[in-house]
Amino acid sequence: MRRRRLSPLVGRHAELAEISAVWDDVCQGQAAGFLISGEAGVGKTRLVQECIERVLARGGQVLAGSSFRISSGGLPYGPILDALRRLLRDRSAGSLAELAGPRFTMLDRTFWPEAADAPEAPDGDASLRQARLFDVFLALLGQLAEQAPVLLVVEDVHWAEQSTLDLLSFLTVALRRERVLLVVTYRDDEPAAGPLPAALVELLRGVFMAHLPLDPFGAGDLGLLLTQLAGNPLPAAMIDEIADRSGGNAYFAEELFEARGLERPDQKTEVPARVRDVVLLRVGTFSADAQAVLQVCAVIGRRIGYPLLATVAELPEKPLLAALRELAANRVLQADTGNAYRFRHALAQEAVYSDLLPGERARLHARVAAALSERPQLGDRPRSTATAVVAHHWEATGDLPRALAAVIAAGRAAAEVRAFREGLTYFTRALHLWEEVGDDDAADAGVTRADLLAAAARCAHDAGEHETAVRLVEDALTATPRQDVVARALLHEALGTYMDRVDGARALRAFTKAYHLLATSDALAERARVTAALANSLSIRGLYPDSAPLWEETLTLARRAGRKREEVLGLKTSGWHFAMHGEPETGIGRMREALRVARDEDDVESICLTYNHLSLALDFIGWSADAVATAEEALRWSVDLGLMFPPMIDMLDSIVLVLYRNGRWRQAEEVADRLLASHHAAARALMTFVVLGELGTARGRPEEAAQQVKQAQEQLKNDEDPLDHGLVHAAAAAFAMWQEDYETAHAEVEAGLEVVGAHGDDQQAVALCVLGLRIEADEAERRRARGRAGASEDVLRHGTALRDRARSLWQGMGVRQRSFPEAAIDAAMGEAEFARLLGGEPHPEAWGEVAAGWDRLARPYQAAYARWREAEELVRKRDQRAAEVLRQAGEAAEQLDARALLREITALADRARLDLGAQPDAPSAEPDHPFHLTEREIQVLALLKEGRRNREIARTLFISESTASVHVSNILAKLNAANRVEAAAIAHRLHLA
């Protein structure tokens with residue numbers, strides 16, 4: 001970033017000291033932020049400039065951009081584009097991919113879609129594309145921060161559009177341990193309207209954001225400022241007068257001071273009280289050329305590119321440059337990065353613009369609009385914002401037909417860069433303009449009213465305004481002729497997509513209508529799209545038999561139409577159906593083909609989706625080695641990609657489950673730690689929370705298990721996938737069982753069976769029945785241990801019903817048994833559990849067969865459990881093999897660190913006086929603290945509970961600040977806490993320190 005000489009800072013030393021102290025924490029690896037507010041001219045920009053200078057002097061990096069006002073709509077990501085453009089110029093780079101690596105091509109493609117070397121991304125869910133855009137920007141900040149700490153400045157957000165505000169809100173949640181300081185400024189004397197009030201609330205909810213309001217100067221500080229401007233002491237009366245008239249506002253005071261200098265000794269000029277009049281008083285003393293140039297600049301905006309100014313100003317180069325020198329010398333304009341100028345203060349631009357007569361404004365706006373329409377490069381902006389600027393100027397001229405075309409172009413450009421709220425605003429304005437222009441003139445815009453309604457609906461949906469999207473697409477259907485079958489089908493498909501968030505049954509009807517409309521159409525690409533939409537809607541609701549033939553149809557249509565994304569969906573999902581319905585070889589082959597196509601297309605979302613389902617399918621069909629190998633292959637690919645966005649989170653979430661089920665517990669925890677470092681995890685990592693809950697239960701950490709299971713249960717509220725419901729209820733039941741809360745455990749099993757049974761998920765239903773049998777058997781054994789009859793009537797009745805149901809489900813699976821070898825072992829274990837419930841003669845061979853079955857599937861935890869039960873039966877038979885079997889169970893439990901099971905194994909060995917050799921539960925070198933916290937981390941956590949910062953923690957524990965920062969980062973990751981405050985709250989709640 002270019003550095004320029006600044007006047008000394010006055011009156012803001014306390015604020016600067018606070019920011020400097022936080023910058024020290026940022027340098028140690030703790031993201032932070034400030035929301036700086038104050039009235040126009042109070043000194044926000046001057047404080048920011050001082051921060052920039054100090055950061056640069058200390059070797060930091062700066063990304064800085066500003067919003068500016070145009071007619072409603074705004075420039076999509078305007079200040080972010082401003083900051084990135086300056087970054088590229090400072091680094092002498094042509095693109096972000098060139099600067100930071102190929103994974104940032106998406107930012108180039110999004111922010112500069114007109115770039116010739118930016119390939120078009122495959123179509124996909126727009127909300128996911130926006131989420132990925134935000135994540136890529138976050139990754140860019142993280143990569144830059146690895147080189148040196150980053151100061152990200154976004155000024156004047158009172159003029160920012162929704163896309164910028166959304167990105168800033170995202171950063172306040174997503175930034176955690178990146179070395180980034182976010183500084184945002186806004187005027188608090190602007191009318192509280194538009195998206196700003198809600199955005200300010202969201203920004204201040206950010207855990208690291210602090211509010212820094214700037215008050216006007218007192219007389220002392222204002223006197224010092226004016227003395228420095230004058231270069232010599234000023235009379236006290238003059239200072240008092242300016243202080244009174246300016247109200248302590250630094251910019252007003254400077255302008256009043258400059259205006260006093262324009263008075264002639266023989267003429268007393270009454271200094272106006274309002275800054276607009278002060279500015280215009282000074283402007284009135286400039287040359288005619290300078291005044292004319294300043295008027296053009298005011299119409300162009302806060303930042304003025306010289307090529308555009310030279311085209312519009314209608315002055316030869318020499319007088320134009322002379323006028324610019326005069327304006328710069330009078331501190332109205334200042335040089336900006338590139339071949340451009342900038343108003344020193346927005347108030348000056350506003351004052352000059354407001355003084356123009358309506359006819360003057362319209363004439364100048366028309367000249368600017370015509371110049372930018374003929375030569376867009378004059379705007380020195382990417383197309384996403386250039387179109388918005390052109391629309392602003394044409395609207396200001398009152399030329400409605402041209403304004404309509406320009407506003408439609410601005411809406412399309414906004415949608416291209418995922419600025420969906422701005423796109424909705426532009427398309428809505430275009431609909432209003434359409435009514436004013438009339439159908440005949442509006443037809444020249446090249447779109448129909450139905451097209452506009454559909455485009456507005458898409459933006460509304462992608463912006464999260466689903467009810468608005470439904471209303472707009474219904475209006476589009478009304479405006480679309482019935483003979484235009486393809487258009488109506490696509491609108492019904494869109495309606496289904498929008499209704500999915502509101503009314504699932506109605507969505508399914510809309511998808512079905514779209515499918516039937518195109519059933520015999522030659523529009524293959526559109527047929528592939530609507531068929532895939534209907535098949536997917538059926539699949540996510542567990543209606544697998546109905547969706548299976550549709551995926552075959554999708555695959556055929558996609559290949560004939562050359563639609564790669566639909567081909568991947570068809571291959572992946574039809575492959576899943578084959579794998580789950582008795583043809584695993586065919587199914588896995590299709591899924592591997594889907595992965596190949598997705599990788600050939602470099603379709604990141606489809607790659608994530610396919611790895612997700614492929615690793616789960618391999619695990620479910622018992623190809624354990626392949627499942628782990630595929631999971632590890634996906635992990636390597638994901639690390640190389642270096643991004644965390646929703647489809648990636650979903651893929652990692654499934655991988656955590658696969659690794660856990662195959663006994664790779666430590667590896668599963670490592671992936672979980674990586675996943676939970678992302679802001680997306682709280683809403684998407686259901687399987688990870690299930691696994692962590694299961695691990696907490698297995699390791700004898702009830703508080704940890706309860707917290708993780710609760711997180712998983714929270715995510716079920718908006719989840720229709722029966723698999724997810726089954727997993728969560730099973731985890732909750734297992735936790736309750738180990739706590740000997742059999743009533744809750746039984747209720748969780750019944751709740752899980754109600755969901756998975758309703759959707760025909762037989763193999764999961766078998767597993768839940770067996771878990772229920774184990775719970776009933778445990779309760780029966782507890783009763784026998786207390787000298788009561790083993791199985792009460794209720795226990796026996798429940799157990800018999802579960803055994804019969806598991807047996808019936810398994811036998812009724814028919815050919816699907818080939819897809820679920822795990823279900824066969826579950827069914828056998830159910831018989832063994834039922835025998836344990838009855839308490840009859842011991843049958844160790846049944847448990848031995850179960851253990852061998854789990855060994856074949858590489859399920860070490862389940863095998864260890866079965867061997868524990870086998871050893872119990874061998875002890876009852878006084879069989880000497882009990883010691884060896886129990887030793888094998890203990891070794892497996894010890895290797896997994898399954899301490900709850902290990903305690904039971906040890907207790908059985910003690911009761912039966914069996915020698916297991918080395919103590920399997922020998923204490924570790926570190927005390928056993930929850931969440932794997934070390935002794936030192938417990939000490940640091942205790943200080944965090946007291947609100948201590950890194951510097952104070954370091955002094956208290958006699959360690960370096962960097963070491964303290966590392967401990968804090970580790971604690972946040974282990975507790976899955978977003979920040980220090982949340983970590984302290986968890987510590988208080990669970991009595992961790």
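Look up a bit, the structure's there.
Okay, so let's go over this structure.

Cut-offs applied
Each residue is numbered by its place in its chain's sequence as written, counting from 1. Where totals are concerned, whole chains, interfaces and linings use all residues; where local detail is concerned, this predicted model gives features only for residues with pLDDT of at least 70, and gives and counts side-chain atom pairs only at 80 or more. Excluding hydrogens and water, the side-chain figures rest on all heavy atoms present in the structure. Starting at the N terminus, helices and strands are each numbered in turn, a helix being any DSSP run of H or I of at least four residues and a strand any DSSP run of E of at least two. Think of it in three bands: with a 1.4 Å probe and only protein chains considered, a residue is buried below 20% of the maximum accessible area for its type, exposed above 50%, and partly exposed in between. Residue contacts are defined here by distance: any two heavy atoms, one from each residue, within 4.5 Å place the two residues in contact. Working definition of accessibility: Shrake-Rupley area with a 1.4 Å probe, residue cover restricted to the visible protein chains. Pairing between strands requires that DSSP locate at least two bridges from one strand to the other. Here is the rule: rings of Phe, Tyr and Trp (six-membered ring for Trp) pair when centre to centre is within 6.5 Å. Planes less than 30 degrees apart are stacked, more than 60 are edge-to-face, and the remainder are tilted. The angle between two axes is taken between their N-to-C directions and runs from 0 to 180 degrees, where each axis is a line fitted to C-alpha atoms and a helix contributes only its stretch in contact.

**Things to note about the overall build of the chain**
Thinking step 1. Across its full length, the chain carries 49 helices and eight strands.
Thinking step 2. Of all 993 residues assigned to the chain, the portion counted as buried reaches 57%.
Thinking step 3. Summarising the internal contacts of the chain: among those between residues at least 6 apart in sequence, 68% fall at separations of at least 24.
Thinking step 4. Carbon and sulfur atoms make up 50% of the accessible area of the chain, which amounts to about 40,700 Å² in all.

**Brief notes about the side chain of Gln162**
Thinking step 1. With respect to the secondary-structure elements, Gln162 resides in helix 7 (residues 162-174).
Thinking step 2. In this view, Gln162 contacts Pro195, Arg421 and Glu422; residues no more than four positions away in its chain are not counted.

**A closer look at the pairing of strand 3 (residues 150-155)**
Every other side chain in a regular strand lies on the same face of the sheet, so the side chains alternate between the two faces.
Thinking step 1. Counted residue by residue, strand 3 has six buried out of six residues, so it is predominantly covered.
Thinking step 2. Along strand 3, one buried face is formed by Val150, Leu152 and Val154 and the opposite face, lined by Leu151, Val153 and Glu155, is buried too.
Thinking step 3. As paired strands, strand 2 (residues 61-66) and strand 3 are joined by six bridges and run parallel to one another. Along strand 3, the bridge assignment pairs Gln61 with Val150.
Thinking step 4. Where strand 3 meets strand 4 (residues 180-187), five bridges bridge the pair, whose relative direction is parallel. When the sheet's bridge partners are listed, Leu152 is paired in strand 4 with Leu182.

**Thoughts on the packing of aromatic side chains**
Thinking step 1. With the rule as written, the count across this model stands at eight aromatic pairs.
Thinking step 2. Plain terms: the ring middles of Phe134 and Phe170 are 5.3 Å apart, the flat faces sit at 50 degrees to each other, and that makes the pair tilted. Placement of Phe134 in helix 6 (residues 126-147) and of Phe170 in helix 7 is noted, with a sequence separation of 36 residues between them.
Thinking step 3. According to the relative accessible area criterion, Phe134 is buried, its value standing at 8%.

**Observations concerning the sheet that holds strand 8 (residues 340-343)**
Thinking step 1. Pairing in this open sheet of three strands is antiparallel, and the strands run 6-8-7 from one edge to the other. Strands with a single pairing partner mark the edges of an open sheet, and in this sheet they are strand 6 (303-305) and strand 7 (333-336). Taking each pair of neighbouring strands and ignoring which way they run, the sheet shows an average axis angle of 30 degrees.
Thinking step 2. Taken together, the three bridges between strand 6 and strand 8 define a ladder with antiparallel strand orientation. Of the residues in strand 8, the one forming a bridge with Ile304 is Tyr341.

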